[in-house]
Amino acid sequence: MPTAWQEPSEPLALPAHFLLGSATAAYQIEGAATEDGRGPSIWDTFSHTPGKTWNGDTGDVAADHYHRLDEDLDLMASLGLRAYRFSIAWSRIQPTGRGQANPKGLDFYRRLVDGLLDRGITPVATLYHWDLPQALEDTGGWTNRTTAHAFADYARVVGEALGDRIAVWTTLNEPWCSAYLGYGSGAHAPGRTDGAAALTAVHHLNLAHGLAVQQLKAVTTNTPQYSITLNFHVLRGRGAGAEEAVRRIDALANRSFTEPLLRGRYPEDLIEDTAAVTDWAFVQDGDLTQIHQPLDLLGVNYYATTAVRLWDGETPRQNHDGHKDMGGSPWPGSPHVEFLEQEGPHTAMGWNIDPAGLEELLLDLHTRYPNQPLVITENGAAFDDHLSARPDGTYAVHDPERIDYLRSHLFAAHRALAAGVDLRGYFVWSLMDNFEWGYGYSKRFGIVHVDYATQRRTPKDSALWYRDLALTGSIPPLPTERTDGHAGRAPGP
Ligand code: FCB
């Protein structure tokens, strides 16, 4: 259960060089899906396949960021952001995932990065946020080992172009989703439902990361930091067999990445648990050495916790793991683990709000991997926002729930810092409302509202709150009385 904590009465200062910023991903905001030589990715194919996304939504236009780059850069500056985490669309750089770089694709990201630097904003670039070039999927995607090598070549191409100005390189965003939702459950592109394929993808993604870090290191000319971002599952075991359920899901969700990346090995229990699904013959001699590269930062994405127990085999099996049910399972070899519905409060995603889970996760990572610096690369919440017109003709979005969510998680991060965790930054998901994958445009995570009919951007109250945080470098206590009429809610139980 979440631990109760005291609402601080004084502002809490963040460390001097703490990276405070916002995050986005290429397919979710850029649009311009067929412009300037961009090739199709698996998300173009998937979102254009009937029944795969809410309302048939696609990222064809999204937040039209590709055409509104300067306006969006000014917006970030006006919000006082110190850092910006974005992703590069592989198929803008190499339309088929291989070969010659597309100069127009590189130009777009050069303009983005230069625009950030001009405004004093630290660029944090992710090479892969799920948008595999379709041509590579056509030859097996992440189930084909050659995709890992193609990724390393792509990393080199981007590193040669931008390797004098990116501060932090992140190879992959949430490989758990790419592998288990893309190839296991089918909820994400490419929509395959094959447990063995999902585990094969896990390994090839890990390998891709290790090869890419080495390529980047060979070509960058500044002194950047190298990282990968994982979405950890913070598990709450319930009922008889709780420990076993937690162990199995921890192995599949968390340790299948952290152990090879940070210790150069796959967990033995993971290999045993999945023996009926695969023999792991796709792991070749030397692979683990390639994967196990020193990481300057480990990126942590956190939204909610996950409750599990062993299924009794009789009562109807629950499946509340926070992911859409598209026919397959994201948990190969673990059909007897049940994912339980959790107590509220919940966000509009139905995800439970549990800031203590973030603190526990940071402390747990610090204990397991003591010398590993961490950065929160995503944290945030979707709520049903409403745009209202002010008398002066401007617009506002009052989103006190999002402010509460962000505050409570920042306090959790601060408690982890105070306990000695080497935490280097925090990125709110997301800068602006965007294409939320299978949920299309039905879920709004932005601190800036996007009116998709006009593409008008309106900073929500949470953006203004976040700006104060970025400008002062300290988390303000709850105001005793709010002007927005919201009473305020101390996070926790
Ligand atoms: C994460 C993704 C990000 C966004 C948030 C809500 O899993 O990395 O793109 O969809 O969830």
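Residues numbered from 1 in each chain as written. Predicted model: local features only at pLDDT ≥ 70, side-chain atom pairs only at ≥ 80, totals over all residues. Heavy atoms only, no water.

## What to know about the environment of Pro-370
And then number 1: Inspection of the secondary structure puts Pro-370 in the loop between helix 13 (355–368) and strand 11 (374–379).
And then number 2: Each C-alpha atom, one on Pro-370 and one on Arg-402, is 32 Å from the other, the two residues being 32 residues apart in sequence. (Helix = DSSP H or I, 4+ residues; strand = E, 2+ residues; numbered from the N terminus.)

## A few points about empty space enclosed by the protein
And then number 1: In total, this model carries five cavities of 30 Å³ or more according to the counting rule given.
And then number 2: Considered as a void within the structure, the largest cavity measures approximately 60 Å³ in volume.
And then number 3: Forming the walls of the largest cavity are Ile-42, Trp-43, Tyr-128, Trp-130, Trp-142, Cys-177, Ser-178, Tyr-183, His-188, Ala-189 and Pro-190.
And then number 4: Among the residues forming the lining of the largest cavity, the class breakdown is nine nonpolar, two polar and no charged. (1 Å grid on protein atoms, 1.4 Å probe; cavity = no way out; pocket = protein on both sides within 12 Å on 5 of 7 lines; lining within 4 Å. Points joined across faces, edges and corners; volume = space filled by probe spheres on them. Nonpolar A, V, L, I, M, F, W, Y, C, P; charged D, E, K, R; others polar.)

## Observations concerning the packing of helix 3 (residues 69–78) against helix 5 (residues 103–118)
The description of two packed helices rests on the angle between their axes and on the distance between the axes.
And then number 1: Between helix 3 and helix 5, the shortest axis-to-axis distance is 10 Å and the interhelical angle comes to 25°. The pairing of helix 3 with helix 5 is recorded here as roughly parallel in orientation. Crossing hand, helix 3 versus helix 5: right-handed. Residues Leu-69, Leu-73 and Met-76 of helix 3 lie in contact with helix 5, whose contacting residues are Phe-108, Arg-111, Leu-112, Gly-115 and Leu-116.
And then number 2: Looking at side-chain class alone, the contact of helix 3 with helix 5 contains six nonpolar, one polar and one charged residues. (Axes fitted to C-alpha atoms, helices over the stretch in contact; angles between N-to-C directions. Parallel < 35°, antiparallel > 145°, perpendicular 65-115°, else oblique. Left-handed = near helix turned anticlockwise from the far one by under 90°. Contact = heavy atoms within 4.5 Å.)

## With respect to the sheet that holds strand 9 (residues 305–310)
And then number 1: One open sheet accounts for three strands, arranged 7-9-10; its pairing is mixed. Each edge of the sheet is formed by a strand with only one pairing partner; in this case those strands are strand 7 (234–237) and strand 10 (337–340). Going from strand to strand, the sheet's axes swing by 40° on average, the running direction of each strand aside.
And then number 2: Bridge count for strand 7 against strand 9 is four bridges, and the pairing is parallel. Each residue of the ladder has a partner; that of Gly-237, found in strand 9, is Val-308.
And then number 3: Running over the sheet, helix 13 touches strand 7 and strand 9 and is turned about 110° from strand 7. (Pairing = 2+ DSSP bridges.)

## Here we look at the pairing of strand 5 (residues 168–173)
A regular strand places its side chains on the two faces of the sheet in alternate fashion.
And then number 1: The element strand 5 is extensively covered by neighbouring structure, given that six of its six residues are classed as buried.
And then number 2: Summarising the sheet, strand 5 and strand 6 (residues 225–231) pair through four bridges and their orientation is parallel. Paired with Thr-170 across the bridge in strand 6 is Ser-227. (Buried < 20%, exposed > 50% of the residue type's maximum accessible area, 1.4 Å probe, protein only.)

## Concerning the nonpolar core
And then number 1: Core analysis: the largest hydrophobic core is formed by 151 residues, its most contacted members being Phe-86, Ile-88, Tyr-109, Trp-142 and Phe-151.
And then number 2: Setting aside residues no more than four positions away along its own chain, Tyr-109 makes contact with Ala-26, Glu-30, Phe-86, Ser-87, Ile-88, Ala-89, Arg-92, Ile-93 and Leu-162. (Core = buried A, V, L, I, M, F, W, Y, C linked by side-chain atoms within 4.5 Å.)

## A word on the layout of surface pockets
In this approach the atoms are scanned with a rolling probe the size of a water molecule, which exposes any empty space left behind.
And then number 1: By volume, the largest pocket is sized at about 750 Å³.
And then number 2: Every residue lining the largest pocket is counted, 40 residues in all, and those nearest its centre are Tyr-303, Asp-321, Gly-322, His-323 and Trp-351.
And then number 3: Listing elements by their share of the lining of the largest pocket, those giving two or more residues are helix 8 (175–185) and strand 9.
And then number 4: Looking at the lining of the largest pocket, the element that brings in the most residues is strand 9, giving three residues.
And then number 5: Across the lining of the largest pocket, the residue classes break down as 17 nonpolar, 17 polar and six charged.

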